[in-house]
2 protein chains.
Amino acid sequence: MSLLKSKILVVASDLFQTRGINSTGVDTIVAVAGTTKMTLYKYFRTKEELILEVLKQGHQDFQSWLNDQLNSNTKKPSEKLQKLFDFIEEWVTSPNFRGMGFIKASAEFPNEENPVHQLSSEQSRQFRQYISGLASEANIQDADGLALQLSLLFEGAVQAEQMKRGSGAMKYAKKAAKILIDGALAS
Amino acid sequence: MSLLKSKILVVASDLFQTRGINSTGVDTIVAVAGTTKMTLYKYFRTKEELILEVLKQGHQDFQSWLNDQLNSNTKKPSEKLQKLFDFIEEWVTSPNFRGMGFIKASAEFPNEENPVHQLSSEQSRQFRQYISGLASEANIQDADGLALQLSLLFEGAVQAEQMKRGSGAMKYAKKAAKILIDGALAS
DNA sequence: AAATCTATATACAGACCTGTATATATATAC
DNA sequence: GTATATATATACAGGTCTGTATATAGATTT
């Protein structure tokens, strides 16, 4: 990928998260990225396409990072599930944390017909499925059910942290997750 | 309150939820409400003031409804806590459900200095405090901790339902809530 | 050296946005 | 019947937005 294109993606991602998607104009994006609108519209046909690529990139980066962390730190499936929230807490409390892309995007584009909303919804589903995979490997009966519950805790905590930095919500989400996981492992 | 003013509030609330706040112009609001901009700006000095009043109204309506439901159906504090998610599920799965105002608003106005964001954050805190009150009455040790966990489940499930209607997320949130509540009551 | 590719600079069309100004209608109160 | 309060109708100023058109600069290739 072109250097300029990835620069635009990084800058747009940051601005979307800190100022909101609809409140961020392409003029602002190119100004911060140090380029011009002509270049932006060379790489992205429309602003919507830029939004979609920003979301894809963010989701892919997050999933890769999380997957790497889990695989390089533990091998036992049940441990992966337990460690999941440790890494998520690390991510959420890091100074670079700007929120979860698909959560904000779905709020700004509430219409279910909208492509941005649809992608957000799909990414949320994929994340849930990833957790469900971990639960399955750990031989949990209702893997989908536990995955949904854990993702609710996750999304709720991210939401809380987006609302108020340093809320400490993830600490309690972790405790709740442990109770739910232990319960599911026992049965 | 004037009939027109409350009509504007109702219409604005619906449009904000279904199309997004920033994507909804005052022209659209007055057209749907069957009035004119002059009248809107008589009752609300700016659009931001309208947004704030819509949020306040929505939060008050929800809290009143929830409180009435709880008080008219059960008296025992521990039961109230258990029934909480039953009523919330009823609310979320009702056809009129349009999402939780403060969740969407905080996403559209991510800047913590913004008055709309601040009000959203405050409403989220108030709701958590309300649950904490129920937990305290039920003699739960770490009432604030449990309240935070339950609110994470709540906000996560609302988020999930906003993303995809009929997700069934609240059903699993309820199960998780029961486990957490029972655990807290036992200790 | 000429051609081509990439990026810049700048201006602008057309749409939409908030908020206001002006003029008019309608209904109630005195 | 006149005054007052409330709502309508309409137009517009000034700003921002997306997306495009036009002209130019620098760099690489042939």
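Residues numbered from 1 in each chain as written. Chains lettered and ligands numbered in written order. Predicted model: local features only at pLDDT ≥ 70, side-chain atom pairs only at ≥ 80, totals over all residues. Heavy atoms only, no water.

**Observations concerning unusual backbone geometry**
Only a minority of non-glycine residues have a phi that is not negative, and only a minority of peptide bonds are not trans. Residue and element names in this part refer to chain A. Positive phi outside glycine occurs at asparagine 139, with the angle close to 60°. Among the structural elements, asparagine 139 can be located in the loop between helix H7 (115-137) and helix H8 (143-163). Accessibility expressed as a relative area gives 71% for asparagine 139, which makes it exposed. (Helix = DSSP H or I, 4+ residues; strand = E, 2+ residues; numbered from the N terminus. Buried < 20%, exposed > 50% of the residue type's maximum accessible area, 1.4 Å probe, protein only.)

**Details of the protein's contact with DNA strand D**
With respect to spatial proximity, 17 residues lie near DNA strand D, and among them Val26, Lys37, Met38 and Lys47 of chain A together with Thr35 of chain B are the closest. Here DNA strand D approaches the protein such that, of its atoms within 4 Å, sugar and phosphate make up 56%. Residue valine 26 of chain A places a main-chain N or O atom 2.9 Å away from a phosphate oxygen belonging to DNA strand D. With respect to DNA strand D, the side chain of lysine 37 of chain A contributes an N or O atom lying 2.3 Å from a base oxygen. Breaking the surface near DNA strand D down by element, the ones donating at least two residues are helix H2 (26-33) and helix H3 (37-43) of chain A together with helix H3 (37-43) of chain B. Ranked by the residues each element gives to the surface near DNA strand D, the list is headed by H3 of chain B, at four residues. Here the residues of the surface near DNA strand D are counted per class, giving six nonpolar, seven polar and four charged. (Near = heavy atom within 4 Å. Polar contact = N/O pair within 3.5 Å; in protein donor to acceptor, adjacent residues only side chain to side chain. Nonpolar A, V, L, I, M, F, W, Y, C, P; charged D, E, K, R; others polar.)

**Some points on the interface of chain A and chain B**
Tallying the contact residues gives 42 residues for chain A and 42 residues for chain B. Buried surface at the junction of chain A and chain B, summed over both partners, amounts to about 3100 Å²; 63% is from carbon and sulfur atoms. Sorting the residues of chain A by area buried against chain B places Leu152, Met163 and Tyr172 of chain A first, and these three jointly supply 22% of that buried surface. Across the contact surface, chain A and chain B share zero salt bridges. Viewed at the interface, chain B and chain A are joined by eight residue pairs in polar contact (both at pLDDT 80 or more). Those elements that provide at least two residues to the side of chain A that touches chain B are helix H1 (3-19), helix H6 (101-108), H7, H8 and helix H9 (169-186) of chain A. In terms of residue count, the dominant contributor to the side of chain A that touches chain B is H8 of chain A (12 residues). Taken together, the residues that form the side of chain A that touches chain B break down as 16 nonpolar, 17 polar and nine charged. (Contact = heavy atoms within 4.5 Å. Buried area = accessible area lost by both parts, 1.4 Å probe. Salt bridge = Lys/Arg side-chain N within 4 Å of Asp/Glu carboxyl O.)

**Examining the protein's contact with DNA strand C**
Around DNA strand C sit 17 residues in total, of which Thr35 of chain A together with Val26, Lys37, Met38 and Lys47 of chain B are the nearest. For DNA strand C, the fraction of atoms within 4 Å of the protein that belong to sugar or phosphate moieties is 57%. Here a phosphate oxygen of DNA strand C sits 3.0 Å away from a polar atom, N or O, in the side chain of tyrosine 41 of chain B. Counting residues per element, the ones that place at least two in the surface near DNA strand C are H3 of chain A together with helix H2 (26-33) and H3 of chain B. The element best represented in the surface near DNA strand C is H3 of chain A, accounting for four residues.

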